[in-house]
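These are the residues of each chain, in order.
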Amino acid sequence: MKTFKWILLLILSGNFFNLSAQQIGDLDSTFNLNGKVITDFGGGGDGANSVLIQPDGKILVAGYSSSGTNYTFALSRYNTNGSLDISFGGTGKVVTDFAPGYDYAGCIALQPDGKIVAAGVKYSNPSYDNALIRYNIDGSLDSTFGTNGKVTNPVGTADGGINSIAIQPDGKIIAVGGSTTFTTGHDYAVSRYNVDGTLDNTFGTGGITLTDFSNSYDFPFSVCLQSDGKIVVGGSTGPDPLYDFGVVRYDTLGNVDTTFGTNGFVVTDFGKPDEWANASIIQGDGKIILAGYSGSPYKFALARYNDDGTLDTTFNSTGKVLTTIGTHVEANAVALEPGGKIVVAGVTYNGSNQNFCIARYLANGTPDNTFGTTGFVTTDFGTNGDKAKGVAIQADGQIVVAGVSGNDFAVARYLVVLSTGIIDFATMNNSVFIYPNPVTQNATLTYSLKQAEKISIRLTDARGRMVKTFIENQMQTASDHQQIISFPDNLPHGTYFIVIANTTEHLNIKIVK
């Protein structure tokens with residue numbers, strides 16, 4: 001009885017639990033029980049660049065993994081609760097190398113048949129080339145694509161590489177990236193591949209179109225397909241360092257579409273010298289959104305265009321939006337919610353620490369003040385190098401963001417649609433106990449539920465990383481419960497948390513081993 005009184009005193013003093021009621025824009029506590037997942041591929045530096053949601057709700061992330069000077073394509077797939085999906089590559093993680101050197105995946109797309117296309121860059125001495133890999137749904141290489149699932153080809157006369165891809169309805173792959181040439185510097189490069197990975201010779205010249213903005217330095221970062229098959233490529237252009245947003249539209253054969261903007265080109269200046277458009281998306285009404293940043297000081301920058309390339313003046317009255325969030329923010333990804341709200345993901349930097357930064361805008365370009373703090377949220381994964389690179393919207397409306405934390409993949413999920421749970425964890429404060437604490441091999445967790453609900457109980461480390469799951473979405477009755485907690489045999493000494501969660505809230509109980 002003395003043990004119970006001692007633990008109860010610590011609980012009531014606030015030393016053992018953290019109580020959280022979920023709000024729109026909060027991290028989703030049903031995702032890894034704290035809204036965040038960190039994944040280490042076991043080598044050196046790892047980082048995610050792109051994320052998508054499969055039709056079954058699983059989350060697919062692509063980026064790179066490194067060991068020493070060798071960089072490889074790296075993919076991970078997660079179940080809807082944030083755990084790694086072991087049906088993907090056996091562990092939930094897949095690493096693919098072209099050859100020793102520098103290879104990485106910058107983007108990812110899903111074919112209608114479920115096959116996965118990852119694209120990026122491969123170093124082929126002395127230059128960088130386009131690189132694509134196609135995987136079967138289980139993470140194995142698709143031998144019907146290229147050579148054993150891999151495709152690589154040079155673009156231009158020097159460096160190439162792919163920053164963004166899109167899949168046409170006929171299965172052909174549109175890939176965009178930079179091309180360095182000896183005559184015009186750095187140009188937009190658009191390539192089209194057949195379903196077997198060969199270059200489509202009906203597109204451009206030998207499957208490739210190179211485009212120059214009047215002898216400037218041009219850097220394309222995103223591609224979108226219109227409903228009529230035309231191709232919209234967004235990026236930045238200008239004499240270094242005076243970069244502005246730059247958009248080009250192509251027809252289905254790879255020719256610049258002269259009905260768009262000025263002879264197919266649109267340049268947008270936000271009034272600062274360093275402006276980069278890193279992502280784009282097309283609305284259901286055909287309007288085009290570019291997202292990035294405008295520098296000195298750095299702000300989120302968005303522009304929306306009509307189908308003809310003119311700025312849409314219904315968007316913040318000018319077609320352009322600048323948002324100050326802290327001292328330095330950069331937008332790297334954009335997504336659209338079904339209702340037309342715009343979600344932008346990137347990084348905020350305060351001079352010493354980088355965090356994820358997510359902002360949501362109304363369809364007219366004003367910040368959505370119902371989301372987080374005046375329209376934005378920031379997330380710290382516990383390192384000083386957190387950066388969001390990709391964003392996707394689930395079928396249920398929740399926002400999934402992927403990027404890098406320190407030297408690992410980092411994924412977070414944010415609430416947009418709140419579930420209606422029936423347990424108020426505030427009523428559990430006097431009825432949650434774990435003993436003994438500090439723990440040894442086993443401990444006993446007791447708690448009381450006022451109403452029936454699905455409950456999950458997990459063990460996380462001090463950074464929120466999953467260690468073990470004890471109960472997952474188990475329906476439990478309104479009564480007193482007792483759960484024997486068996487800790488892993490090799491669990492290192494340190495601070496951990498037992499997390500009890502229902503569909504809307506979670507309770508963190510601090511333990512020491």
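Once a new chain begins, its residue numbering starts again from 1 and follows that chain's sequence as written. Side-chain atom pairs in this predicted model are given and counted only at pLDDT of 80 or more, local residue features only at pLDDT of at least 70, and totals for whole chains, interfaces and linings cover all residues. Side-chain numbers here rest on the full set of heavy atoms in the structure, without hydrogens or water.

Strands are runs of DSSP state E lasting at least two residues, helices are runs of H or I lasting at least four, and both sets are numbered from the N terminus onward. A tally of regular secondary structure across the protein gives one helix and 36 strands. For the protein, the spread of C-alpha atoms along the principal axes amounts to about 85 × 50 × 40 Å. Each residue gets one of three labels from its accessible area relative to the maximum for its type: buried under 20%, exposed over 50%, partly exposed in between, using a 1.4 Å probe on protein chains only. When burial is assessed residue by residue, the protein has 56% of its 513 residues classed as buried. Partitioning the intrachain contacts of the protein with sequence separation of at least 6 by distance along the chain shows that 52% fall at a separation of at least 24. Charged side chains in the protein number 32 positive and 45 negative. The centres of these two groups are separated by 8 Å. Note on contacts: a residue pair qualifies if any of its non-hydrogen atoms lie within 4.5 Å across the two residues. Counted as positive: Lys and Arg. Counted as negative: Asp and Glu, with His and the chain ends omitted from the count. Note on charges: their place is set at NZ of Lys, CZ of Arg, CG of Asp or CD of Glu.

Here the focus is the nonpolar core. In plain words, nonpolar cores are sets of buried Ala, Val, Leu, Ile, Met, Phe, Trp, Tyr and Cys residues tied together by side-chain atoms within 4.5 Å. Counting 21 residues, the largest nonpolar core has Leu445, Ile457, Phe487 and Ile498 as the members making the most contacts within it. In this view, Ile498 contacts Ile434, Leu445, Ile457, Arg458, Leu459, Phe470, Ile485, Phe487, Leu507, Asn508, Ile509 and Ile511; residues no more than four positions away in its chain are not counted. If you look at the next biggest cluster of nonpolar residues, it comprises 19 residues, including Phe371, Ala388, Val391 and Val416.

We now examine unusual backbone geometry. With an omega of 15 degrees, the peptide bond running from Asn125 to Pro126 counts as cis. In this chain, Ser296 is followed by Pro297 through a cis amide linkage whose omega measures -10 degrees. We note that Asn473 has phi near 50 degrees; this positive angle belongs to a residue other than glycine. With respect to the secondary-structure elements, Asn473 resides in strand 33 (residues 466-476). Take Asn473: its relative accessible area is 47%, and that puts it in the partly exposed class.

Tracing the backbone shows Asn81 in the loop between strand 5 (70-78) and strand 6 (93-96). Take Asn81: its relative accessible area is 16%, and that puts it in the buried class. Residues adjacent in sequence count toward polar contacts only when both atoms are side-chain atoms; beyond that, a polar contact is any pair of N or O atoms within 3.5 Å, and within protein one must be able to donate a hydrogen and the other to accept it. At a separation of 2.7 Å, a polar atom in the side chain of Asn81 contacts the side chain of Ser83. Setting aside its immediate chain neighbours within four residues, Asn81 contacts Thr30, Phe31, Asn32, Arg458 and Glu472.

Moving on to the pattern of salt bridges. Here, a salt bridge means any side-chain nitrogen of Lys or Arg that lies within 4 Å of a carboxyl oxygen of Asp or Glu. Applying the stated criterion to the full structure yields 16 salt bridges. In this structure, Asp85 and Arg77 form a salt bridge, with 2.8 Å as the shortest nitrogen-oxygen distance. Judged by relative accessible area, Asp85 falls into the buried class, the value being 4%. With a relative accessible area of 3%, Arg77 lands in the buried category. Ionic pairing is found between Arg304 and Asp312, a salt bridge with its closest N-O pair at 2.8 Å. A single burial state applies to Arg304 and to Asp312, both of which are buried. Each member of the salt-bridge network shares a partner with another, and the members are Lys230, Arg249, Asp257 and Asp307.

A pair of strands is labelled paired if DSSP reports no fewer than 2 bridges between them. With respect to topology, four strands assemble into an open sheet ordered 2-29-28-27, the strand pairing being antiparallel. Of all strands in the sheet, those with a lone pairing partner are strand 2 (36-39) and strand 27 (386-393), marking the two edges. For this sheet, the mean inter-axis angle between neighbouring strands, taken without regard to orientation, is 20 degrees. Note on geometry: axes are C-alpha line fits, over the in-contact stretch for helices, and angles between N-to-C directions span 0 to 180 degrees.

You can see Val439 is positioned in the loop between strand 30 (433-435) and strand 31 (442-448). Each C-alpha atom, one on Val439 and one on Val512, is 6.2 Å from the other, the two residues being 73 residues apart in sequence.

Before going further, it helps to spend a moment on the side chain of Ser191. Considering the arrangement of structural elements, one finds Ser191 in strand 13 (residues 185-193). In contact with Ser191, not counting residues within four places along its chain, are Asn130, Val155, Ile173, Ile174, Ala175, Leu199, Phe203, Gly207 and Ile208.

The next thing to look at is the sheet that holds strand 20 (residues 288-294). Pairing is antiparallel in the open sheet, where four strands are placed in the order 19-20-21-22. Of all the strands in the sheet, just strand 19 (275-282) and strand 22 (320-323) have a single pairing partner and so form its edges. Strand-to-strand twist across the sheet, computed as the mean angle between neighbouring axes with direction ignored, equals 20 degrees. The sheet contact formed by strand 19 and strand 20 spans seven bridges and is antiparallel. Opposite Ala277, over in strand 20, you have Gly292 as the bridge partner.

Across the nine residues that make up strand 5, a large majority, seven, are buried. Where strand 4 (residues 59-67) lies against strand 5, nine bridges are found, and the strand directions are antiparallel. Its bridge partner lying in strand 5, Ser65 is registered against Thr72. What sits between the antiparallel neighbours strand 4 and strand 5 is a turn of two residues, in which Gly68 has the positive phi angle 65 degrees. Taken together, the four bridges between strand 5 and strand 6 define a ladder with antiparallel strand orientation. Note on strand 6: the bridge partner recorded for Ser76 is Lys93.

Within a pair of aromatic rings, the relevant descriptors are the distance that separates the centres and the angle that separates the planes. Aromatic rings from Phe, Tyr and Trp, taking only the six-membered ring of Trp, are treated as a pair when their centres fall within 6.5 Å; an angle between ring planes under 30 degrees marks them as stacked, one over 60 as edge-to-face, and anything in between as tilted. As enumerated under the stated definition, the model contains 16 aromatic pairs in all. Arranged with centres 5.0 Å apart and planes meeting at 55 degrees, the rings of Tyr71 and Tyr102 form a pair that is tilted. Taken as a pair, Tyr71 in strand 5 and Tyr102 in the loop between strand 6 and strand 7 (103-110) lie far apart in primary sequence, 31 residues in all. Judged by its relative accessible area of 26%, Tyr71 is partly exposed. Lysine NZ or arginine CZ positioned within 6 Å of the ring centre and within 35 degrees of the ring normal marks a charge as sitting over the ring. Above the plane of the ring of Phe98 lies Lys150, whose end atom (NZ or CZ) is 5.6 Å from the centre. Here Lys320 stacks its cationic end above the ring of Phe270, 5.6 Å away from the centre of that ring.

For the protein, the average pLDDT comes to 88, and 91% of its residues sit at 70 or higher. Every residue carries a pLDDT, the predictor's confidence in it, which falls somewhere between 0 and 100. Note on residues 1-20: pLDDT under 50 across the span, and 38 contacts to partners over four residues away in sequence or across chains. Contacts of residues 419-430 to residues separated by more than four positions or lying in other chains number 34 contacts, the stretch itself having pLDDT below 50.

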